[in-house]
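What the coordinates show
Chain residues, written in single-letter form:
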Amino acid sequence: MKAAIQQCFPGSVHRLCGWHLCTNATSNVKSPQFTKAFKKLLYRHYNFPQWYDRWNALLQKFDMHCNAWVNATYETRGQWAETFVRNNFFGGMSTTQRCESMNSYLKIFVNCKLPLREFICHVDVALRNIREVERYDDYISKNTEPCYSSLSPLLPYLRQLGTVLTRQVYHMVRMEIEIESSYTIVSTERLDNTNIYKVQKIFADDSLHTVSQSTIDNNIGCSCLQFETDGIPCHHLFAMLKHLRMGAVPPQLLLKRFNVTA
């Protein structure tokens, strides 16, 4: 598969399925505690020194230095660890969930004993149900507004996003806005044509992130790279927007693919 992807999609990034990796970890190591710790290295975002320190601690704790599967998996870390695949757009997907959930859904309607004619009719019914759910979701996003928290200091952002984003994505962004209240700007500086903001979680010294803003094209980015990876603005970005008293979320932080009119 790897060779085929490189040949047919030379500009793409091949990411390994997180669910299958965890399943293989369970079958090859046979330690629930190891799998639990491995999941953190798989799904959480650390900087590179933090990730390597945690990996070495994992090997030391479970004495896995000579385990063939663990060593082979480490060699492919650039294809599965969140730390290494960040800054590549995956839209929030880390497993083959869309394909496998479709397979599971279709199994409700079809089986291997169905004649071809009935098989086609059953698949058609399954697809009609999916399309009906999508039409309903589109109607909700375009013709209704979500409930807003009047206590939120970023209520103008919530009202703006509620009319722009699909409902599912809106709830994901709202969660980031709610988390923002635990963060603060600890320092600001100017480097050439870029404003640098240091964002840190209150009472947590190990959560420092850097948000940059270009004074030339107003391009905004965060060192956590969540927006570049998932398409969802992170709470660090919202902390910076609140610090600057911006009245609205800049359009460059709202992907067209998540717009209700897309």
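Details of the structure are given in the entry above.
Residues numbered from 1 in each chain as written. Predicted model: local features only at pLDDT ≥ 70, side-chain atom pairs only at ≥ 80, totals over all residues. Heavy atoms only, no water.

1. Quick word on the overall build of the protein chain
- Secondary structure assignment for the protein chain yields 12 helices and 4 strands.
- Principal-axis analysis of the C-alpha atoms gives the protein chain an extent of 65 × 55 × 40 Å.
- Residues classed as buried in the protein chain amount to 36% of the 262 residues present.
- Element-wise, carbon and sulfur atoms account for 55% of the exposed surface of the protein chain, whose accessible area totals about 16400 Å². (Helix = DSSP H or I, 4+ residues; strand = E, 2+ residues; numbered from the N terminus. Buried < 20%, exposed > 50% of the residue type's maximum accessible area, 1.4 Å probe, protein only. Areas by Shrake-Rupley, 256 points an atom, 1.4 Å probe, with all protein chains shown as cover.)

2. Quick word on the side chain of Q213
- Within the secondary structure, Q213 sits in strand 3 (residues 209-214).
- Reaching out from Q213, the side chain makes a polar contact with the side chain of Y197 at a distance of 3.5 Å.
- Of the polar contacts made by the side chain of Q213, one reaches the side chain of N218; its length is 2.9 Å. (Polar contact = N/O pair within 3.5 Å; in protein donor to acceptor, adjacent residues only side chain to side chain.)

3. Some remarks on the pattern of salt bridges
- Under the defined criterion, the tally for this structure stands at 6 salt bridges.
- Residue R86 is joined to E82 by a salt bridge in which the shortest nitrogen-to-oxygen separation is 2.8 Å.
- Of the residues examined, R86 reaches a relative accessible area of 13% and is grouped as buried.
- Close ionic contact of E178 with R174 constitutes a salt bridge, the shortest N to O distance being 3.8 Å. Of this pair, E178 and R174 both sit in helix 10 (residues 167-180), 4 residues apart, roughly one helical turn. (Salt bridge = Lys/Arg side-chain N within 4 Å of Asp/Glu carboxyl O.)

4. Structural notes on the sheet that holds strand 4 (residues 220-222)
- Reading across from one edge, 1-2-3-4 is the order of the 4 strands in this open sheet, with antiparallel pairing throughout. Since the sheet does not close on itself, it has two edges, and those belong to strand 1 (183-191) and strand 4, each with one partner. Pairwise comparison of adjacent strand axes, ignoring direction, gives a mean angle of 20° for this sheet.
- Relative to strand 2 (residues 194-201), strand 1 runs antiparallel, the two sharing 8 bridges. (Pairing = 2+ DSSP bridges. Axes fitted to C-alpha atoms, helices over the stretch in contact; angles between N-to-C directions.)

5. Brief notes about the nonpolar core
- Among the nonpolar cores identified, the biggest contains 31 residues, and L161 and F238 are the most heavily contacted of them.
- Sorting the residues of this core by element identifies helix 9 (155-164), helix 10, strand 1, strand 2, strand 4 and helix 12 (235-243) as the ones contributing at least two each.
- It is helix 12 that provides the largest number of residues to this core, a total of 5 residues.
- Non-local contacts of L161, meaning those with residues more than four positions away in its chain, are made with Y170, V173, I177, F238, V249 and L254.
- In terms of nonpolar packing, the next biggest core, distinct from the first, is built from 19 residues, L21, A25, V29 and F62 among them. (Core = buried A, V, L, I, M, F, W, Y, C linked by side-chain atoms within 4.5 Å. Contact = heavy atoms within 4.5 Å.)

6. Looking at the packing of aromatic side chains
- All told, the structure shown has 16 aromatic pairs when counted by the stated rule.
- Judged by centre distance (6.1 Å) and plane angle (10°), the ring pair of F34 and F38 falls under stacked. In this pair, F34 and F38 are both assigned in helix 3 (residues 32-43), 4 residues apart and thus about one turn of the helix distant. You'll find F34 and F38 in the same group, each marked buried.
- Measuring from ring centre to ring centre gives 6.4 Å for W51 and Y74, while their planes differ by 25°; the resulting arrangement is stacked. Remark: Y74 occurs in helix 5 (residues 68-75) and W51 occurs in helix 4 (residues 48-62); sequence separation between them is 23 residues.
- Take Y74: its relative accessible area is 22%, and that puts it in the partly exposed class.
- One aromatic cluster is present, formed by F34, F38, F48, W51, Y52, W55, F62, W69, Y74, W80 and F84 through successive ring pairs.
- Its end group placed over the ring of F90, R15 keeps NZ or CZ at 4.8 Å from the ring centre.
- R77 extends its terminal NZ or CZ atom over the ring of Y74, reaching a point 4.1 Å from the ring centre. (Phe/Tyr/Trp six-rings, centres within 6.5 Å; stacked < 30°, edge-to-face > 60°. Lys NZ or Arg CZ within 6 Å of the ring centre and 35° of its normal.)

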